[in-house]
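Each chain, letter by letter, is given below.
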Amino acid sequence: MITARAAATFDPVARSVATARAFVRDTLQGWGYTDVVDDAVVLTSELVTNAVIHAGTAADVLCLRTEDGVRVEIADHYPEREIPLRTTGLDLGSLDSENGRGLLLCAALASRWGVEYSPTRKHVWFQLDLPDRPVGVRSAGPLLPVGLLPVTDERVRVAVVQIDSEGAVAAWNDDAAYLFGYTAEQVTGKQLADFTAWPQTPGTNTGIADALRLSRWEGSYGIRGADGRTIPVYGSHLRVRDPQGEPSTVCLLVRDYERAVLQTPARTPVSDTAESRKTDPFEVFIGSPAPDDLDGLLQRTVERARDMLDADAAFLLLATDDETELEVRATTGLPSARQRFARVPVEAGTGRYGSARMPAVHEDLDAVPGAVPLLGNTGMRSVVTVPLKVEGRLTGSLGVAAEGAGRYSNEEALRLQFAADRIALAVESARLGELERLRRGSLSFLVEASDLLAGTLDRDQTLALMAQMTVPTLATWCAVYTIADPASDPELSYVLHEDEERIDGLKSLLTRISPPEPVRTPGARVWAAPSQAAHEAALRTSMRSIGIGEPGGLGSTTRTTLATAAAVGGETVVLPLVARNRVIGMLTLGKPSDDHFRQEILELAEDLSRRAALALDNARLYSERTAISQSLQRSLLPPGLPAVPNVEVDVIYRAAGEGNEVGGDFYDVFPIRDGAYGFAIGDVCGTGPEAAAVTGLARHALRLLAREGFGGPAVLERLNAAILDEGTRSRFLTLLYGELWPQEDGSALLKVVCAGHPLPLRLRQDGSVEPAADPQPLLGVMEDLELYEQTFTLEPGDVLLCVTDGVTERREGTRMLGDDGLADVLAHCTGLTAGAVAARILRAVERFAAEPPSDDMAILTMRVPEPH
């Protein structure tokens, strides 16, 4: 049954992916479904990307809440997509492919999923069920009418296995074959131990061989099925004799979640002693209810261990995956609580006392300094440590310590080991659950980080994003160093702290110390310089404040220095930023005093640094390309306009795009000789280097030929020949070229040639607008051109408007401004100066459509002012 719904539609633009993720995250968190938020966000990100980026349509997202989970539906509007034929399987493509991963993720993460097609849309949905949270009921409920009893999915199966005196399978019923996948013939005569995953039973050191010799035994373990999976079972063992007197054991086994079928009901306690014998040993040690999170479980464990041995302190460390190091996860009674996630080696020395794999008792740490690194400078003298093991594998270490010497012996070690055996399996299970949550959260984090980094090509914004994604998610503070080229030293480019008031002090500290050495080796490496420099600065400041050394009171500078020292006094790591086989910078992450990074965070930071390095290098390349393009564009335009006597001249130039392409529009106004001026406005086909070459050729050839005394037609004919000489690199060119002679009576004589270019428009004082030239063939297409020039006079108050096709071809949908629309705008410009006319034309073009212009625009205006 659907209990709530939320829907939204997202436009087909890249930023919609992040907006859709935020919508799903906020919706599910509002419903209280935090357990499935990360999976839902990852799947939504992939499927919305398919819709808005690949299909290029809007995406409809619908979230449906049910009593046991959530269903998310994503639909696009791509009617051309072919409806697939029904096949026996779904081809999800190569696992190494960079796209098409949405359905793969659905198959891996979702409880159920599907794809539906219609003539106008594609509809993908996935269902995420809430995880089961068994509470372990330990007593029977009241009698219920038959109609109220729950309905089972299938009949309950009880495996009956008989084991002979040697521990081999003697009988194996049909339910056992069904549950575990082995036939009776496959297992008869083989040892039961070959099929069992037998952890030590909580509260005892009983192994499977011992359990089969007991007259009665009941508890949980695992059976390895024929498919390789371990099936948790609950078993009840009863030892019997056959008619010949030979002993054997009958084992009744059910799935672990059906344990109520076999589990012996708890008896009503008659005394404290009886209750202690019947209570679960794990709950006796941890207490009930047990914490449902790993940190809570570990903290309660160290507190119980300390109280059990009447100690002053206790600590618990968890092993890394390779069992070479132990990570501090919980302490009590120690200042090292600030050293969470600090690491110590499993093998600290030779012999059993130097290994965490064996119990150890140290009567006096003063006699063996450094034997327990975690307890250095804590005042603890006697300590006992025991390993936490699951199926023989080291998973952690539990220790208690006292300030007095000689407090502990082997007897206390046995008691502590007994407690460690009780909680080892529960701790390992909780740790694996935490790792799985971290893995899924990391996947969601990296998806969002990649999307943000890919959304910008600005270097400064990329640096800011790198820092903002790490603080405070991964670290307390962050500094980014960049390296301009292999010969340059690292430069501090960005600093961020989770407390904004600490940023200035942190930046000041980092600028006073040498930057970290750029090393290409992947992975995080510890950098001690910031912490040492901060502690030295704090020590000098403290000495001055108490009158030792240089005089000084406890002012704002002193407080800032002490606060900075505390902020950077913990572990600092450096990760290289490597892109295209070159170290382009370093990402520095830091923790506050005595704090350390956990390995999972460092691995996530390493993944992020690889993505950030590529994004930063892309931004650098884009910035360099943009700078080159803008410099080239400026070189293709005149540095300024000459002062023409008795004629106002103004130009507006607007380049379209993001600035990394050289435009094809150009203009020029230049003196030819005394009393004569040349002007030109043109448009080369296309953009980029080829268009720039033709633009440069045209502008400089016009000046050179005009100053050699050639008239307008001769100038353009020779330019046409020069363009055709470029061969395959040539581009056709539309060009309006003219010569201007200011006259003594206040008018201006003009001679123009319009070679395929939008016609110049002449505005008279009475508001009439007319073309000032006739169209002629464009340049760069035909070898033999017969061009002619047209002569006319601009009277006082007249305006000549020359534009490129970016103005006349301004569009919105099917509408276009065109020559007539431009003439209408110009007709309302009587009485305006040349600059005002150009500005009004530009405003009219920009307001014609909502979208920004997609083509370059050049507007050249000339006006003969009226006499005063």
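Sequence order as written defines residue numbering, which begins from 1 separately in each chain. Note on the predicted model: pLDDT of at least 70 is required for a residue's local features to be given, and 80 or more for side-chain atom pairs to be given and counted; whole-chain, interface and lining totals, by contrast, use all residues. Side-chain calculation: all heavy atoms of the structure are included, whereas hydrogens and water are not.

J.: Would you take a moment to explain the environment of L425 for this structure?
T.: Under the DSSP-based scheme used, a helix requires at least four consecutive residues in state H or I and a strand at least two consecutive residues in state E, with every element numbered from the N terminus. Note on placement: L425 falls in helix 10 (residues 410–454). Once the C-alpha coordinates of L425 and E391 are considered, the two residues, 34 residues apart in sequence, prove to be 9.1 Å apart.

J.: What is the right way to look at the sheet that holds strand 31 (residues 799–803) in this model?
T.: Strand-to-strand pairing in sheets goes through backbone hydrogen bonds, with the strands running parallel or antiparallel. Pairs of strands are assigned from DSSP output, requiring at least two bridges between the strands. Judged by pairing direction, the sheet is antiparallel, and its five strands sit side by side in the order 23-34-31-28-29 without closing on themselves. Among the strands making up the open sheet, the edge pair consists of strand 23 (648–654) and strand 29 (769–771). Adjacent strand axes in the sheet meet at a mean angle of 20°, parallel and antiparallel pairs treated alike. As judged from the seven bridges shared by strand 23 and strand 34 (residues 857–863), these two strands associate in the antiparallel manner. Note on definitions: angles span 0 to 180 degrees between N-to-C directions of axes, and those axes are lines fitted to C-alpha atoms, for helices only across the stretch in contact.

J.: What is the right way to read the nonpolar core from this model?
T.: What tends to happen in soluble globular proteins is that the nonpolar side chains get buried as a cluster. Buried Ala, Val, Leu, Ile, Met, Phe, Trp, Tyr and Cys residues form a nonpolar core when they are joined through side-chain atoms within 4.5 Å. Only protein chains enter the area calculation, which uses a 1.4 Å probe; residues under 20% of their type maximum are buried, those over 50% are exposed, and those in between are partly exposed. L716 and L779 are the most contacted members of the largest nonpolar core, which totals 52 residues. Sorting elements by how many residues they give to this core places helix 16 (residues 689–707) first, with seven residues. Here, residues are in contact when the closest pair of their heavy atoms is within 4.5 Å. Sequence-distant contacts of L779, defined by excluding residues within four places in its chain, comprise L716, L719, N720, I723, F732, L733, L735, A755, L785 and L787. Core analysis: the second largest hydrophobic core is formed by 49 residues, W477, L496, L577 and V583 among them.

J.: Is there a simple way to explain the packing of aromatic side chains in this structure?
T.: The relation between two aromatic rings is expressed through the spacing of the ring centres and the mutual angle of the planes. What counts as a ring pair is set by centres within 6.5 Å for rings of Phe, Tyr and Trp (its six-membered ring), and what kind of pair is set by the plane angle: stacked under 30 degrees, edge-to-face over 60, tilted for all other angles. The final tally for this structure, using the stated rule, is five aromatic pairs. With a centroid separation of 6.3 Å and an interplanar angle of 45°, the aromatic rings of Y653 and Y667 are classed as tilted. Taken together, the residues span a long stretch of sequence, with Y653 in strand 23 and Y667 in strand 24 (residues 665–673) at a distance of 14 residues. Look at Y653 and you get buried, because its relative accessible area is 15%. For a lysine, the NZ atom is tested; for an arginine, the CZ atom; a charge sits over a ring if that atom is within 6 Å of the ring centre and within 35 degrees of the ring normal. Between R157 and the ring centre of Y178, over which it is positioned, the NZ or CZ distance is 3.5 Å. Over the ring of F848 we find R815; its NZ or CZ atom is 4.3 Å from the centre of that ring.

J.: I would appreciate a short explanation of the pattern of salt bridges in the present structure.
T.: One side chain can pair with another of opposite charge once the charged atoms of both are near each other. Any carboxyl oxygen of Asp or Glu that lies within 4 Å of a side-chain nitrogen of Lys or Arg is treated as forming a salt bridge with it. Tallying each qualifying case throughout the model produces 32 salt bridges. The shortest N-O distance in the salt bridge between D668 and R703 comes to 2.8 Å. Remark: R703 occurs in helix 16 and D668 occurs in strand 24; sequence separation between them is 35 residues. A relative accessible area of 1% means that D668 is categorised as buried. Connected through shared salt-bridge partners, D39, E436, R439 and R440 make up one network.

J.: I would appreciate a short explanation of the packing of helix 10 against helix 11 (residues 459–470) in the present structure.
T.: Describing two packed helices takes the angle between their axes plus the distance from one axis to the other. Viewed as axis vectors pointing N to C, helix 10 and helix 11 meet at an angle of 165°, and their least axial separation amounts to 10 Å. With respect to helix 11, the element helix 10 is oriented roughly antiparallel. Remark: the crossing between helix 10 and helix 11 carries right-handed chirality. Touching F445, A449, L452 and L453 of helix 10 are T462, L465, M466 and M469, all from helix 11. For the contact of helix 10 with helix 11, the class distribution of residues is seven nonpolar, one polar and no charged. Throughout, the term roughly parallel applies to angles under 35 degrees, roughly antiparallel to angles over 145, roughly perpendicular to angles from 65 to 115, and oblique to all others. In this scheme, a crossing is called left-handed if the near helix is turned counterclockwise away from the far one by less than a right angle; it is called right-handed if the turn is clockwise. Any residue outside Ala, Val, Leu, Ile, Met, Phe, Trp, Tyr, Cys, Pro, Asp, Glu, Lys and Arg is labelled polar, Gly included; the first ten of those are nonpolar and the last four are charged.

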